[in-house]
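Listed below are the residues making up each chain.
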Amino acid sequence: MRLFTINRVLIRHGLDEVVLATHLFRPVRFLLYLSPFYWFRKNKQTSFAVRVRQTLEDLGPIFIKFGQIVSTRRDLLDEELAEELAKLQDAVPPFPGAQARTIIEQAFGKKIKEIFTSFDETPLASASIAQVHAARLKNGDNVVVKVLRPGIEKTIRRDLKILYTLAGLANRFWKGAHRLKPLELVADYDRTISDELNLTREAANASQLRRNWDNSPILFVPRIYWELTKPNVMVIERIYGTQVSDVASLKAQGISLERLGALGVEIFFTQVFRDNFFHADMHPGNIFVSPEGQYIAVDFGIMGTLTTDDQRYLAENLLAFFNRDYHRVAQLHIDSGWVPKTTRADEFEAAIRTVSEPIYDRPLGEISFAHFLVNLFQTARRFDMEVQPQLVLLEKTLVYVEGVGRQLYPELDLWATAKPFLENWLNEQIGPKAFVNRVKETLPQISENLPELPLLAHRVIKDAAEGNLEVKWKSEELAQFRKEAKQSSRCTIAAICGGSMIISAALLLSVAPGAVIALSSISTISTILAACGGIILGGAWLKSG
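About the criteria used
- Residues numbered from 1 in each chain as written.
- Predicted model: local features only at pLDDT ≥ 70, side-chain atom pairs only at ≥ 80, totals over all residues.
- Heavy atoms only, no water.
- Helix = DSSP H or I, 4+ residues; strand = E, 2+ residues; numbered from the N terminus.
- Buried < 20%, exposed > 50% of the residue type's maximum accessible area, 1.4 Å probe, protein only.
- Contact = heavy atoms within 4.5 Å.
- Areas by Shrake-Rupley, 256 points an atom, 1.4 Å probe, with all protein chains shown as cover.
- Phe/Tyr/Trp six-rings, centres within 6.5 Å; stacked < 30°, edge-to-face > 60°.
- Patch = residues over 30% accessible without salt bridge, like charges linked within 9 Å, V, L, I, M, F, W, Y side chains within 5 Å.
- Salt bridge = Lys/Arg side-chain N within 4 Å of Asp/Glu carboxyl O.
- Core = buried A, V, L, I, M, F, W, Y, C linked by side-chain atoms within 4.5 Å.
- Pairing = 2+ DSSP bridges.
- Axes fitted to C-alpha atoms, helices over the stretch in contact; angles between N-to-C directions.
- Parallel < 35°, antiparallel > 145°, perpendicular 65-115°, else oblique.
- Nonpolar A, V, L, I, M, F, W, Y, C, P; charged D, E, K, R; others polar.

Q: Any chance you could explain the overall build of the protein here in plain terms?
A: Looking only at helices and strands, the protein has 25 helices and eleven strands in total. Going through the 545 residues of the protein one by one, you find that 43% of them count as buried. Partitioning the intrachain contacts of the protein with sequence separation of at least 6 by distance along the chain shows that 67% fall at a separation of at least 24. Of the roughly 30,000 Å² that the protein leaves accessible, carbon and sulfur atoms contribute 58%.

Q: Whenever I open this one, the packing of aromatic side chains confuses me. Can you help?
A: Centre-to-centre distance and the angle between the planes together describe a pair of aromatic rings. A full pass over the atoms with the stated rule returns three aromatic pairs. On the basis of an interplanar angle of 25° and a centroid distance of 6.1 Å, the ring pair of Phe116 and Phe119 is categorised as stacked. As far as burial versus exposure is concerned, Phe116 and Phe119 are alike and both buried. Ring geometry for Phe269 against Phe273: centres 6.1 Å apart, planes inclined by 5°, an arrangement best described as stacked.

Q: Got a minute to help me understand a nonpolar patch on the surface in this structure?
A: A grouping of Leu443, Ile446, Leu450, Leu453 and Leu456 is seen on the molecular surface, where their side chains present a nonpolar patch of about 460 Å² in accessible area. Among the secondary structure elements, those contributing two or more residues to the nonpolar patch are α22 (432-449) and α23 (453-465). Checked against the element boundaries, Leu456 lands in helix α23.

Q: Hey, could you run me through the nonpolar core in this one?
A: Soluble globular proteins tend to pack their nonpolar side chains together in the buried interior. Counting 101 residues, the largest nonpolar core has Tyr295 and Leu408 as its most contacted members. Of all hydrophobic cores here, the second largest spans 18 residues; its members include Phe95, Phe108, Phe116 and Val147.

Q: Explanation requested: the pattern of salt bridges in the structure shown.
A: Close approach of charged atoms allows side chains with opposite charge to pair. Going through the model one piece at a time under the given rule, you end up with 14 salt bridges. A salt bridge links Glu84 to Arg53; the shortest N-O distance between them is 2.5 Å. Of this pair, Glu84 sits in helix α7 (residues 79-85) while Arg53 sits in helix α5 (residues 48-59), and the two are 31 residues apart along the sequence. Exposure remark for Glu84: the relative accessible area of 8% places this residue in the buried category. Judged by its relative accessible area of 15%, Arg53 is buried. Linking Asp195 and Arg201 is a salt bridge whose minimum nitrogen-to-oxygen distance equals 3.5 Å. Using a relative accessible area of 43% as the deciding quantity, one classes Arg201 as partly exposed.

Q: What exactly am I supposed to notice about helix α17 (residues 326-335) here?
A: An α-helix turns once every 3.6 residues. As a result, residues three or four positions apart point the same way. Turning to α17, its buried residues are Tyr326, Val329, Ala330, Leu332, His333 and Ile334. One or two positions beyond α17, positive phi appears at Gly337, with a value near 85°.

Q: It is not clear to me how the side chain of Asp190 should be interpreted in this structure. Could you clarify?
A: The topology assignment puts Asp190 in helix α12 (residues 182-196). In this view, Asp190 contacts Arg157, Leu160 and Tyr164; residues no more than four positions away in its chain are not counted.

Q: Help me out: how do you make sense of the environment of Ala495 in this one?
A: Its place among the elements puts Ala495 in helix α24 (residues 476-509). Exposure remark for Ala495: the relative accessible area of 27% places this residue in the partly exposed category. Measuring from C-alpha to C-alpha, the distance between Ala495 and Ile535 comes to 9.9 Å, with 40 residues separating the pair along the chain.

Q: Explain unusual backbone geometry to me, please; I cannot follow it from the model alone.
A: Peptide bonds are mostly trans, and most non-glycine residues show a negative phi. A positive phi angle, close to 65°, is found at Asn215, a residue other than glycine. Of note, the phi angle at Arg324 is positive, near 60°, even though the residue is not glycine. Inspection of the secondary structure puts Arg324 in the loop between α16 (308-322) and α17.

Q: Please explain the sheet that holds strand β10 (residues 295-297) as it appears in this structure.
A: Strand pairing in a sheet takes place through backbone hydrogen bonds and is either antiparallel or parallel in direction. In spatial order, the strands read β5-β10-β9-β7; together these four strands make up an open sheet with mixed pairing. The open sheet has two edge strands with one neighbour each: β5 (219-220) and β7 (242-243). Packing against the sheet, helix α15 (residues 257-275) makes contact with β5, β9 (287-289) and β10, and its axis sits at approximately 45° to β10.

Q: Help me understand the packing of α15 against α16, please; the structure alone is not making it clear to me.
A: A packed helix pair is summarised by two numbers, namely the angle formed by the two axes and the spacing between the axes. At a minimum axis separation of 10 Å, α15 and α16 run at an interaxial angle of 135°. In terms of orientation, α15 and α16 fall into the oblique class. Contacts between α15 and α16 involve Phe269, Val272 and Phe273 from the former and Gln311, Leu314, Ala315 and Leu318 from the latter. Of the residues that constitute the contact of α15 with α16, the class distribution is six nonpolar, one polar and no charged.

Pasting the structure below:
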C-alpha cells in the first residue's frame, strides 16, 4: 500500500517521466505521449526541482528529512535541485499531549506528577522524529522534555526499506546513478536518522559540547538531566533567547550583528580544530541568542568529528587558498589520498585555479566561501576524488554558518575572520610548542619501555652473531603473486592433462580395424576421453583469465 501511495504521488507531480526515462522502460515511453492525462497535466510547466520538493512534502516527514539531508550533498546535486530541497521544512502536526504524558510515565515507571510540578501538554515545537514540551521539576528548574513520536521507529524502518528498494532500482536502471550514488545517499540517511532515534546519544553529545564550552562567554549549551533521560525521553534545561534569524528583534535589543556574525565563525572553527567535535546541524532553527549577545545551541542529534590528519590537511588547504597557492592545494589533495596518487599535480592545479581566481576580485558580499568549497569538490571529482563523508558534513555545516553570518551581517568577511585562527592552530600543531606537547604526551610510555631497550638490543646482537637472527617479512603483493603463481601452475597441469586426453582419443581412433578391442568400444572410449579432456582444458583456460 505504501508503494502504491508513492507511485500515485509520483504520477501526480509528473515524476513518472523519471521512471520512464530509464533504459528499462524507454521502449514503451511513447505510450506516455498517447495519454490525454500527460497533455492536460496541471504542473506540466513546473520545473523538475520544484516537483521533486513537492513530492517529498506530500510523502511525509521521513521523506522530507531525507530531502533535507540530500540537499547538503551539493557535490552530487544540481544547484537548482539542491536549493529547492533546502526549502523543505521539518514541521509536522503534533501528536496529542496526553500520548506524550503516557510515554513519559511508561519510560520512568512513575506518574507525571511525581516527576514534575507542572507539565504543559501543548508542545513547544513538533518535528518528524520528536516533539518538545515545557515542564518544571520538583526543585523549581524550568526544563524541556523531548519525546520521540510513538511508532516512529517502525515507520522509519518501513520507509527506509522502500528507499533502499528505490535506490537499488535507480542504481540499476538510471544512467545518472553513478554520479548521484543513490544507495550511498540512503545509507548516509540511515546512519543519521538511526542516531536521532536514540535520545540518550543526543544527550551524550550535548554533555560533551557543554563540557567543551563550559563557562564560555560566547556559547551556551543547556544542561542534560541524566537521571531523567531515556532512549525515547530526554529532559534538558530550558533556554530563553531570540532565534538567530529574527534580525529585527536582535537589533531592537541593541545586539551587535557584526559581532554576532564574527562570533559564529569563531565558534565553528573552534569546534572543528580545537575540540574536533562540532555541531553539524547549525541551521537557524537550532541557534538562539541571549539578551547579552551569547549564542545558545539546541538539538544535538547530529555531530561531526575529523581525524587529526584531516584537521591538518583541511587547515593547510584553507591557508593555501587564502594565499592563492594552488600548487600547494593540489599537492595536499594528492598527499592526503583525497585524489589518486597518479594524479598530475600541474593539471589539478590548473583546474583549481580556474575555480578560485574568479571569486577573488568580486565584492565581499557576493563571495560565498561555502559554495566555493562545493565547486572545489565538484572539480576534484573530475580527478576521481572520492567523496569524504566527514568533509561533506563539514561542508554542510559551513554552508549553515556562512548563511547565518551573512543574514546577520551581509559584509561578513569569513576569509579574514578564519585566516588568523587557522594560522595560530597550525603553529600550535607543527611548531616548537606542538613538539613539546607531543613529547609530554609520549613521555610516560617511553619511560615505561626505556629500561627494556638495553636487554632487547643485547638479544638482537647476540642472535646476529650466532647466525640465529631471522627476518619475517609479509607483503600483500607477494602473497597475491604466490597465489597467482599456484593458480597458474594448476591451470598448466590441467591444460596438459586435458590436452593429453584429447591426443589419446585421437590416437585411439587411429587404431586399425583388426585391433583386439572392438571398433565401437574404441569410439566410445575416444569420445569420453575427448569430452573429459575438452572440459578440463576449457576449465583451465577460464581459470587462467
